[in-house]
Amino acid sequence: MHLDFPYAVDTRGRTATADEENHIRDMIAQVLFTAPGERVNRPTFGSGLPQLVFEPSGAELATAAQLQAHGALQQWLGDLIEVQEVTVEAEESTVRVLVRYVIRRTQQRRLAEFRQRGVTP
């Protein structure tokens, strides 16, 4: 059993749960949109992508963001997924991330899109 993210209550009034595939997707979102230093007992957890929205955009920044996100996903979820490709785009105050990955246990290929709006540095 996996808790759903973000935390929610289901129709029975109990803590909502997620299947394995959705749980992995939730964990990818947590890694991508958590800033290093944000978690007390895991100061290196996260990728720090939301802060990049406020940096001057350009090809160099996009490449650095993709490498940063790919590395963070490999570090924190490498035992669950094989990250094949990460694409990061910053549009005004929105970060859009496409992640192509394989779930190691089932060998299922997935493409997931994540967006975060209104982030602040």
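Now for a look at the structure at hand. Predicted model only: the values in this text are computed from it and were never measured.

1. Here we look at the environment of I28
Mapping I28 onto the fold places it in helix α1 (residues 20-32). Classification of I28 as buried rests on a relative accessible area of 0%. Apart from the residues lying within four places of it in its own chain, the contact partners of I28 are L73, L77, I81, V99, Y101 and F114.

2. Remarks on the side chain of S47
With respect to the helices and strands, S47 occurs in the loop between α1 and α2 (49-52). A polar contact is formed between the side chain of S47 and the backbone oxygen of L32, at a distance of 2.6 Å.

3. Some thoughts on the sheet that holds strand β5 (residues 108-117)
One open sheet accounts for three strands, arranged β3-β4-β5; its pairing is antiparallel. In this open sheet, the two edge strands, each paired with only one partner strand, are β3 (81-91) and β5. Strand-to-strand twist in this sheet, taken as the mean axis angle between neighbours without regard to direction, amounts to 15°. Helix-sheet contacts for helix α3 (residues 59-77) involve β3 and β4 (94-103), and the interaxial angle to β3 is about 145°.

4. Concerning the environment of L73
Counting through the fold element by element, L73 comes out in helix α3. A residue is classified by how much of its surface remains accessible, and L73, at 0% relative accessible area, is buried. Contacts of L73, omitting those with residues within four sequence positions, involve I28, V31, L32, G78, V83, V86 and V99.

5. Things to note about α3
Relative to the 27 Å expected for 19 residues at 1.5 Å per residue, α3 spans 27 Å between its end C-alpha atoms, a close match to the ideal helical length. Listed as buried for α3 are A65, A69, A72, L73 and L77. The arc that holds the buried residues of α3, viewed along the axis, is 100°, so those residues lie on one side. Exposed side of α3, more than 90 degrees from the buried face: A59, E60, L67 and Q75 are the residues found there.

6. A word on the pairing of β5
Within a regular beta strand, the side chains point alternately toward one face of the sheet and then the other, so they alternate between its two faces. Two elements, β4 and β5, share 10 bridges in a ladder whose sense is antiparallel. Bridging from a neighbouring strand, V95 pairs with Q116 of β5.

7. Focus on unusual backbone geometry
Most of the time, phi is negative for any residue but glycine, and the peptide bond is trans. A positive phi angle is found at Q107, which is not glycine, with a value near 60°. Mapped onto the elements, Q107 comes out in the loop between β4 and β5.

Rules used throughout
Residues numbered from 1 in each chain as written. Predicted model: local features only at pLDDT ≥ 70, side-chain atom pairs only at ≥ 80, totals over all residues. Heavy atoms only, no water. Helix = DSSP H or I, 4+ residues; strand = E, 2+ residues; numbered from the N terminus. Buried < 20%, exposed > 50% of the residue type's maximum accessible area, 1.4 Å probe, protein only. Contact = heavy atoms within 4.5 Å. Polar contact = N/O pair within 3.5 Å; in protein donor to acceptor, adjacent residues only side chain to side chain. Pairing = 2+ DSSP bridges. Axes fitted to C-alpha atoms, helices over the stretch in contact; angles between N-to-C directions. Expected span 1.5 Å × (residues − 1). Arc of directions from axis to C-beta.

Bear in mind that shape data such as this cannot, by itself, settle questions of function.
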